[in-house]
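# A closer look at the structure
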Amino acid sequence: MLTRVILQYRRFVLCSILFTVFFSLGILLGYAEWPENVRGPLAPVAYLIAVIICVGTPIVLFSVLATFMLPLVEIWLVSLIVLMLVFTPMRAFLPTDTIPGWVDCIALGALSILTYLAVYGSWFGGIIKKDMKKHTKIFYLAGEPEDIWNAFFPNPENPNRYYWPNTQFLPPPNGSKASFIMTLPRRGDLENMTQEVFIEYAQPFSEFRFSTLSLPGCSDPNQIVEVKITPNGKKCQVEYTRQLVDVPIGKRLFLYLTNDFRDTVHSMKRRFAGRRDGSLQGRQMLRD
């Protein structure tokens, strides 16, 4: 769980910048004033405390209690900035207090929904697609190469040994060159990952590489995965490489802010070791 919180550091940095923009605009446009009694060396300390409370607290709470709400932190701040920029000129041409406070609340809620649809939703989900950077992580696991292989290599013959619980394998569609279809089930109303899997090469208990192609209705990005397993004393060195392919800009931002690659590696390591998986990915999985 602690790792899940720590991996949100990118979101914290971005949201701290957005909060600073919002706070600065509020002062410049006359919505607020810097307290007279907070000056000199106390000012940076006071501001840091404000950032921790206003930005860090919701990120920690959402990371622990409601991970699906994490994107709301940046969405909310962007919406506040846009709302301020839109309403300020409007108020300049209208009599004082013409716009009641509840209008601001409704506008903020509506703008938050529109911002979410534009950034993370379906509005621009098909534009500015680009391959993400290839990431590689080397880690060590206590176990036999065969056990590690069966945990990380998607194999229809050993579905129960795959690290993702209740993974389902189906034959490929007619005319497809895929090796099989793989479905990773998720909890509740979360969308399952259902993709065609193309095994490019596989040397048992040593290394493999496969690519995937999402089937219609699956919004998960296509990926290329390569794993090399090397015995090293009582442990095995695992070199895990993954590249997400043809990813829309909003999805790239979401995956970047959630530190998706590191979260995935953390989940794989915990699952293989039989330890509690507190990662974001682990929270999506069905219970064993």
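Here is a short report on the structure shown in this document. These numbers come from a predicted model, not from an experiment.

Turning to unusual backbone geometry, a few remarks are in order. Positive phi, close to 65°, is recorded for N166, a residue that is not glycine. With respect to the helices and strands, the residue N166 is situated in the loop between α6 (145–152) and β2 (168–170). Judged by relative accessible area, which is 46%, N166 ranks as partly exposed. The backbone of F205 sits at a positive phi, close to 65°, despite the residue not being glycine.

Inspection of every chain in the model, using the stated rule, returns six salt bridges. Among the ionic pairs, D147 bridges to R161, the shortest N-O distance being 3.1 Å. Of this pair, D147 sits in helix α6 while R161 sits in the loop between α6 and β2; the two residues are 14 residues apart in sequence, bridging distant segments of the chain. D147 sits in the partly exposed class, given a relative accessible area of 34%. Judged by relative accessible area, which is 39%, R161 ranks as partly exposed. With its nearest N and O atoms 2.9 Å apart, the salt bridge here joins D260 to R242. Of the two residues, D260 is situated in helix α8 (residues 260–273) and R242 in strand β7 (residues 235–245); the sequence distance between them amounts to 18 residues. Of the two residues examined, D260 and R242, each falls in the buried class.

All right, on to helix α7 (residues 249–257) then. Restricting attention to buried positions, one finds in α7 the residues G250, R252, L255 and L257. The first or second residue beyond α7 is N259, which carries a positive phi of 55°.

This part covers the environment of V86. When you line up the elements, V86 lands in helix α4 (residues 71–93). Looking at V86, the relative accessible area reads 42%, which means it is partly exposed. Considering only alpha carbons, one finds V86 and C218, 132 residues apart in sequence, at a separation of 36 Å.

For sheets, the rule is that strands pair by backbone hydrogen bonds, running either parallel or antiparallel. The seven strands lie next to each other as β1-β7-β6-β5-β4-β3-β2, forming an open sheet whose pairing is antiparallel. Looking at the sheet topology across the chains shown, the edges are occupied by β1 (135–142) and β2. Looking at each pair of strands side by side, their axes are set apart by 25° on average, direction ignored. Its contacts with the sheet place α6 against β1, β4 (193–203), β5 (207–214), β6 (222–232) and β7, and it is angled at close to 170° to β6. Against the sheet, α8 makes contact with β1 and β7, and its axis sits at roughly 15° relative to β1, the strand it touches most.

Glancing now at the side chain of T167. One can find T167 in the loop between α6 and β2. For T167, a relative accessible area of 7% gives the class buried. Looking at T167, its side chain comes within polar contact range of the main-chain oxygen of W164, at 2.7 Å. In this structure T167 touches P159, Y162, M182, T183, L184 and P185, once residues within four positions along its chain are discounted.

Next up on the list: the nonpolar core. Membership of the largest hydrophobic core comes to 29 residues, with the highest contact counts inside it found for I148, F152, Y163, M182, F208, V227 and Y240. Elements supplying a minimum of two residues to this core: β1, α6, β3 (180–184), β4, β5, β6, β7 and α8. Here the element with the most residues in this core is α6; it accounts for four residues. Those residues in contact with I148 that sit more than four places away from it in its chain are L141, G143, I229, C236, V238 and F272. Core analysis: the second largest hydrophobic core is formed by 19 residues, Y47, I59, M84 and F87 among them.

Cut-off values and rules
- Residues numbered from 1 in each chain as written.
- Predicted model: local features only at pLDDT ≥ 70, side-chain atom pairs only at ≥ 80, totals over all residues.
- Heavy atoms only, no water.
- Helix = DSSP H or I, 4+ residues; strand = E, 2+ residues; numbered from the N terminus.
- Buried < 20%, exposed > 50% of the residue type's maximum accessible area, 1.4 Å probe, protein only.
- Salt bridge = Lys/Arg side-chain N within 4 Å of Asp/Glu carboxyl O.
- Pairing = 2+ DSSP bridges.
- Axes fitted to C-alpha atoms, helices over the stretch in contact; angles between N-to-C directions.
- Contact = heavy atoms within 4.5 Å.
- Polar contact = N/O pair within 3.5 Å; in protein donor to acceptor, adjacent residues only side chain to side chain.
- Core = buried A, V, L, I, M, F, W, Y, C linked by side-chain atoms within 4.5 Å.

Interpretation in functional terms is not warranted from these geometric data alone.
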